[in-house]
Amino acid sequence: MTAIDPRPLTGEPLSLDLLNTRWVEEGVRRDLLTGVEGLAVWLGAHGLEGRFAADATTLRHTLAARDALAALVDRPGDPDAAARVDAVLGHGRIRATLTAEGPGEEAEFADPAWGPGWTAARAHLDLLRTAPDRIRACAHEACILHFFDTSRNGTRRWCSMAVCGNRAKASRHYARAKEA
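Residues numbered from 1 in each chain as written. Predicted model: local features only at pLDDT ≥ 70, side-chain atom pairs only at ≥ 80, totals over all residues. Heavy atoms only, no water.

Engineer: Please give an account of the overall build of the protein chain that cites residues and values.
Structural biologist: What the protein chain contains, in helices and strands, is six helices and six strands. Going from the N terminus to the C terminus, the protein chain shows its helices and strands as α-β-β-α-α-α-β-β-α-β-β-α. Overall size of the protein chain, expressed as C-alpha extent along the three principal axes, is 70 × 35 × 35 Å. Going through the 180 residues of the protein chain one by one, you find that 40% of them count as buried. For the protein chain, the share of sequence-separated contacts (at least 6 apart) that also reach a separation of at least 24 residues comes to 46%. (Helix = DSSP H or I, 4+ residues; strand = E, 2+ residues; numbered from the N terminus. Buried < 20%, exposed > 50% of the residue type's maximum accessible area, 1.4 Å probe, protein only. Contact = heavy atoms within 4.5 Å.)

Listed below in structure tokens is the structure:
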């Protein structure tokens, strides 16, 4: 049985969800991927637990992919950040297949321990193709979470309106009350 996922924000696209394995809780930085148990939780959250092992090698490669994606999201257009993601992508490939259901694709890895990180990096390519301007970091200064803005007008600022958005509103209210 997989442990409960303790993260405050889940359900984002795979690459951003990998970034969100680090968060701040009550001023303390947390990290789901400090051990293979956390990796198992993250793999389980994405239905990857049967495809990839939650072991030390997979954890190390997944952390390398997370760091590469973080660099790319923090510095879009930076050639060094892009090269780091490209290096992760170099550990896998897509093979075209023909099945009874029709044409398909299958990921292949020389080392399956790169599978989760590669899968997240490849998923990030889809976000970049779709709407790179909607890949966002939460606007709250104490938050390190990321999200894909799916709002109609593309103006979402907070990872969660209930948490970070509410904190910002409360701070503004407190400041106005203090001035008065």
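There's plenty left to go through after this.
Engineer: Describe the packing of aromatic side chains, naming the residues involved and giving the relevant values.
Structural biologist: The tally for this structure, following the rule as stated, stands at two aromatic pairs. Judged by centre distance (5.7 Å) and plane angle (70 degrees), the rings of F52 and F109 are edge-to-face. A residue pair is termed long-range when its members are at least 10 positions apart, and F52 in the loop between α2 (36–45) and α3 (56–74) and F109 in strand β4 (residues 102–109) qualify at 57 residues. Just as F52 is buried, F109 falls in that class too. Considering the side-chain rings of F109 and W118, the 5.2 Å spacing of their centres and the 80 degrees angle between planes classify their relative orientation as edge-to-face. Across the pair, exposure class does not vary: F109 and W118 are buried alike. Members of the aromatic cluster, connected to one another through ring pairs, are F52, F109 and W118. Just above the ring of F147 sits the side chain of R156; from NZ or CZ to the centre is 4.0 Å. (Phe/Tyr/Trp six-rings, centres within 6.5 Å; stacked < 30°, edge-to-face > 60°. Lys NZ or Arg CZ within 6 Å of the ring centre and 35° of its normal.)

Engineer: Report on the side chain of E12, specifying residues and quantitative values.
Structural biologist: For E12, the location among the structural elements is in the segment before α1 (14–19). Assessed through its relative accessible area of 11%, E12 is described here as buried. Engagement of the side chain of E12 in a polar contact is seen with the backbone nitrogen of F148, the distance being 2.8 Å. Aside from chain neighbours lying at most four places away, what touches E12 is D17, N20, H146, F147, F148 and R156. (Polar contact = N/O pair within 3.5 Å; in protein donor to acceptor, adjacent residues only side chain to side chain.)

Engineer: An account of unusual backbone geometry is needed here, citing residue identities and associated values.
Structural biologist: Phi at E26 takes a positive value of approximately 50 degrees, unusual for a residue other than glycine. By the element assignment, E26 lies in the loop between β1 (22–25) and β2 (28–31). Since its relative accessible area comes to 81%, E26 is described here as exposed.

Engineer: Report on the pattern of salt bridges, specifying residues and quantitative values.
Structural biologist: This model, assessed by the stated rule, comprises twelve salt bridges. Salt-bridge contacts for R7 lead to D17; the nearest nitrogen and oxygen are separated by 3.0 Å. One end of the pair, R7, is in the segment before α1; the other, D17, is in helix α1, with ten residues separating them in the sequence. Here the two residues R7 and D17 agree in accessibility, since each one is buried. Of the charged contacts, one joins R22 and D67 as a salt bridge, the two residues approaching to 3.6 Å between their closest N and O atoms. Note that R22 is positioned in strand β1 and D67 in helix α3, a separation of 45 residues in sequence. Looking at D67, the relative accessible area reads 32%, which means it is partly exposed. Overlapping salt bridges, with partners in common, bring together R93, R95, E106 and E108 in one network. (Salt bridge = Lys/Arg side-chain N within 4 Å of Asp/Glu carboxyl O.)

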